[in-house]
Each structure stands twice: as structure tokens, then as C-alpha cells.
Amino acid sequence: MTALLVKNIGILQTPVGSFSHKGKAQGENQKRKDAAIVIENGLIREITDGGKLPQGAENADRVIDAGGRLVTPGLVDGHTHMVFGGYRQHEIPMKLKGAGYLDILRAGGGILDTVRKTRAASFEELYTKTRGFLDEMLSFGVTACEAKSGYGLEAETEIKMLQVLKKLNEEHPMDVVSTFMGAHAIPDEYKEDPDAFIDMLCEDVMPAVREQNLAEFADVFTEDSVFNCEQSRRYLERAKALGFGLKIHADEIEAIGGSVLAGEMGAVSCEHLISIDEKGLEALAEGGVTAMCLPATSFYLGADFAPARKMIEMGIPVAAASDFNPGSCPSLNLQFVMNLACIKYRMLPEEVLTAVTINPACAIDRGDCIGTLEEGKQADLVIWNAEDMEMLCYRFGSNLVKQVIKKGEYIA
Ligand code: NIG
Ligand code: FE
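Residues numbered from 1 in each chain as written. Chains lettered and ligands numbered in written order. Predicted model: local features only at pLDDT ≥ 70, side-chain atom pairs only at ≥ 80, totals over all residues. Heavy atoms only, no water.

Undergrad: Could you give an account of the coordination of the iron ion (ligand 2), with specific residues and numbers?
TA: Taken together, the protein ligands of the iron ion (ligand 2) are His79 (NE2), His81 (NE2), His249 (NE2) and Asp323 (OD), with distances of 2.1 to 2.3 Å. Coordination of the iron ion (ligand 2) draws on donor residues from a single chain, spaced H-x1-H-x167-H-x73-D in sequence. With His79 in the loop between β6 (75–77) and α1 (91–96) and His249 in strand β10 (residues 245–250), this residue pair connects regions lying 170 residues apart in the sequence. We note that His79, like His249, is buried. (Donors = N, O, S within 2.8 Å, 3.2 Å for Na, K, Ca; no water. Helix = DSSP H or I, 4+ residues; strand = E, 2+ residues; numbered from the N terminus. Buried < 20%, exposed > 50% of the residue type's maximum accessible area, 1.4 Å probe, protein only.)

So this is what it looks like as C-alpha cells:
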């Protein structure tokens, strides 16, 4: 049994509890001054404050001096599309000439371009590339994440993507939770008959993913020119029957009813929500659905920002994630997401911390083991080159991580 002591923590700041936080509770963080943590077998054994050291601290095998810095839970990125072939930097001039996200997709580019490149990529290529992304995420303070399939749009490549994620979850320090997103776009083969594509996903691909235990959640892109509410409902009903938790990409560009559907179907989270209307907001509040807001996507698309402040006021639990993908958000920097959540969503630093720790942890069904710093939870934490949360919301464009500790193991 080896023990690690992290001492001389200026402020230890964390939400408390294993549930998602909404309304006033979104902004409630515990702040412990002059704190110390003892970690044993990857778990937090004891936390003290006021300069007092935990019992048996003197017997720790290793000691890290936090130097009076801020310590928070490891960040949780609750929404990514990190497995993909190629990149899409060639879309930049198209965008500058005025092409919108859906214009590029309708012309056979966008997601469909990445689908062609992902189908052509080998397992090893995707594995190595995604592993590099996970290394980079860890270096930015992210210790757990969600990742979606959806660049295959047929069984073989969807399963290849999910197998990459499964292997990385086993081999990489990052905790990776997978989501099946076969309904991410309509592939060329089904352009004339999207209903038949949904049937194929429901009858062939989804059961195979379930049988091989390759994903815990299912997600669908409910959007104008992509999947309508009726198709989305059919896909999600099948997913629910097979035991998947539900997520929906909704109201990214147009509010066509995706967030109302999320409320009705008991989705765990509803994602994007840039254009959400009053009906959608009420449905999320009533259904207890977490709003997974993606401010770096708004930034990169030059779009509006989701009404996160209003969501908090309406009692909707808010999470903020990167949406890392090659089209609408080619950045995996969750610290930038925190800056944007503060400046563009007008969220307070405490609310922001909740939005990148316990709320996304609950949205990936890990609220009982990660997302807060409490005795018995997994020892995933970040020592920041900052004295308080305000500093993290204020400095942008730099990486303020001093050290990341994952399951009690020091990671540079
Ligand atoms: O969440 N909107 C759909 N899916 C991704 C973008 C995927 C892509 O453009 O490659 C998103 O923004
Ligand atoms: Fe997304």
C-alpha cells in the first residue's frame, strides 16, 4: 500500500456530492484553505485544512508540495469527437467566403469529408492519433472524458472507432467513456432514404455495439437537413430498449424540437443548445436533463452562445465541454472553454468549476467516483499555477496546469 501526500495547498476548491448541481447549487463550491490530501491506492483517503496534516502523513511514500497553489478536481470533458481521420483546415477559406456549417455538409463536405478519411484510416493510425489527443488533454488538466463515434456511418468503421476508444480507456491514464453516434450525418449511400439509414443503424449497428459492450450512451444529431425529430425518436427508442443512456445534439443551428425530445425521452444530457427556445428550456428543466454547453464551438463557428445563465436560473444543470472535432471545434483546450463560459455565458468561477467537473461526470455516469475531491473518490486532481479560480477564468490562451495527478499517480 503506497501513500501519496499532497501538502501546502493554498485553496482546495471543489463541488461536493455525487449528483449534478443545478440552480443555486451550481455555484456552491467548498473552499478549504491550507489543505492537504492523502491518497492511497488511487483513492482520496483524507483531506485536512487549516495547516493540519492528515493522520499518518509522515509515513507517506511520496510527498508533493503544492506551494500554496490552487487544487481542483481533474477536469471532465463531457463531449468530444476525438477519433477521426485527417483534418479539415481546407474549410477555413470556404468559411471566410461565407459558406455556413450546413452548406459545407449539404455539398458533401464537412462531417462527410471526415467520414471518408476515417473509413480509410487503419485502426493503428486512429489509435496513435487519438492517443496523442489524450496526452494533450491530460496536459491541460482533463482527467476523464466522453468520446463519440460517428465518422463511420456503417458498422465496420463505427465499431473500429469504438474499439480504438475501448483500447485507449484500458491503456491510457485517461478515463474514456464512449458514446455510439451512428446518427451523426446521412451518408451518401442513404442520401435518398434517411429513414432506411436509421433502420439500418437500429437493426444492425446498434445491437452489435451493445453486444460487444463498446458504448454506454447513444447520441443523434437532431438538426435541420440532418435527422428530424421523428427519426431521432425512433433511434433513441431503440437505444433505450437496448440499455444505452441517451444524449442528443440539439438546437445547434435551428431549434427543430431536439431539446423537447431530450426532456420527453429522459436523456441524460442535451448538447449544443445555441438556438434553444422557451419550450426546449422548459423541457430540460422538467426532465432534469443536463445542458452540455459548448462555447468553443460557438466561438469557432462565429455563432451565438447558448443561454447558460438563463439555464442556471431555470434550474437546469449546466456542463461545459470542448466538443473537440475536426469541423466545428478543432481545440481540446478545456481551460479556454472555462474562460468562454465565464466571459460569454456570464457564469461565475464557482459555477464554471461545477460545469467542468461534477456535472459532466454525472452526464457520463461517473458522478460516484470522480468530479469532486472527497474522501473515497478517485484521486484525480490538478495543481494549478494559480492561486484561485478567478485566475483560471481570467488568464486565457496559456496552459495554467502545474501538475496533474490521476488515480494517485503523478503525471507531469
Ligand atoms: O458537435 N454537430 C455535429 N457534430 C459535431 C461536429 C462534427 C464535425 O463537424 O466533424 C459537433 O459540432
Ligand atoms: Fe458534438
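Undergrad: Could you give me a rundown of helix α12 (residues 334–343), with the residues and numbers involved?
TA: Across the 10 residues that make up α12, a large majority, 9, are buried. If you check the start of α12, you find a side-chain oxygen 2.9 Å away from the backbone N of Gln335, and it comes from Asn333. (Polar contact = N/O pair within 3.5 Å; in protein donor to acceptor, adjacent residues only side chain to side chain.)

Undergrad: Any chance you could break down the sheet that holds strand β8 (residues 175–183) for me, citing the residues and the numbers?
TA: Spatial ordering of the open sheet is given by β6-β7-β8-β9-β10-β11-β12-β13, a layout of 8 strands whose pairing is parallel. Edge strands, defined here as strands with exactly one partner in the open sheet, are β6 and β13 (318–320). In this sheet, adjacent strand axes meet at a mean angle of 25 degrees when their direction is disregarded. For strand β7 (residues 142–148) and β8, the ladder comprises 5 bridges, and the chain directions are parallel. What sits directly across from Cys145, in β8, is Val176. Packed onto the sheet, helix α5 (residues 155–171) meets β7 and β8 and runs at close to 175 degrees relative to β8. (Pairing = 2+ DSSP bridges. Axes fitted to C-alpha atoms, helices over the stretch in contact; angles between N-to-C directions. Contact = heavy atoms within 4.5 Å.)

Undergrad: Report on α5, specifying residues and quantitative values.
TA: With 17 residues, α5 should reach 24 Å at 1.5 Å per residue; the first-to-last C-alpha distance of 24 Å fits that figure. Listed as buried for α5 are Thr157, Glu158, Ile159, Lys160, Met161, Leu162, Val164, Leu165 and Leu168. (Expected span 1.5 Å × (residues − 1).)

Undergrad: Any details on the domain arrangement of the protein? Residues and values, ideally.
TA: Assigned domains of the protein: these are domain 1 (3–73 + 372–410) and domain 2 (76–363). Centre-to-centre, using C-alpha coordinates, domain 1 lies 29 Å away from domain 2. Between domain 1 and domain 2, the contact holds 38 residues from the first and 30 residues from the second. The junction of domain 1 with domain 2 conceals about 2600 Å² of combined surface from both sides, 60% of it contributed by carbon and sulfur atoms. By the criterion of area lost to domain 2, the three top residues of domain 1 are Gln26, Cys393 and Lys406, representing 26% of everything that side buries. Where domain 1 meets domain 2, there are 3 salt bridges. The interface formed by domain 1 and domain 2 contains 18 residue pairs in polar contact (both at pLDDT 80 or more). Elements that contribute at least two residues to the side of domain 1 that touches domain 2 include exactly β1 (3–14), β5 (70–73), β14 (381–384), α15 (389–394) and β15 (401–406). The leading source of residues in the side of domain 1 that touches domain 2 is α15, at 5 residues. Class assignment for the residues of the side of domain 1 that touches domain 2 results in 14 nonpolar, 16 polar and 8 charged. (Domains from an automatic or database assignment. Buried area = accessible area lost by both parts, 1.4 Å probe. Salt bridge = Lys/Arg side-chain N within 4 Å of Asp/Glu carboxyl O. Nonpolar A, V, L, I, M, F, W, Y, C, P; charged D, E, K, R; others polar.)

Undergrad: Please give an account of the site of ligand 1 that cites residues and values.
TA: Not every one of the 15 residues close to ligand 1 is listed here, only the nearest: Tyr101, Tyr151, Glu252, His272 and Ser328. One of the side-chain nitrogen or oxygen atoms of His272 is found 2.7 Å away from an oxygen atom of ligand 1. For ligand 1, the accessible surface in isolation is 320 Å², of which the surrounding protein chains cover 100%. (Near = heavy atom within 4 Å. Areas by Shrake-Rupley, 256 points an atom, 1.4 Å probe, with all protein chains shown as cover.)

Undergrad: Explain the packing of aromatic side chains to me, using residue names and the numbers behind them.
TA: Applying the stated criterion across every chain, the model contains 11 aromatic pairs. With centroids separated by 4.8 Å and ring planes inclined at 80 degrees, the aromatic side chains of Phe133 and Phe324 adopt a geometry described as edge-to-face. You can see Phe133 sitting in helix α4 (residues 123–139) and its partner Phe324 sitting in the loop between β13 and α12, a full 191 residues away along the chain. Just as Phe133 is buried, Phe324 falls in that class too. Members of the aromatic cluster, connected to one another through ring pairs, are Phe84, Tyr87, Phe133, Tyr151 and Phe324. Its end group placed over the ring of Tyr87, Lys129 keeps NZ or CZ at 4.3 Å from the ring centre. The ring centre of Phe244 lies 4.7 Å from the NZ or CZ of Arg210, which sits over that ring. (Phe/Tyr/Trp six-rings, centres within 6.5 Å; stacked < 30°, edge-to-face > 60°. Lys NZ or Arg CZ within 6 Å of the ring centre and 35° of its normal.)

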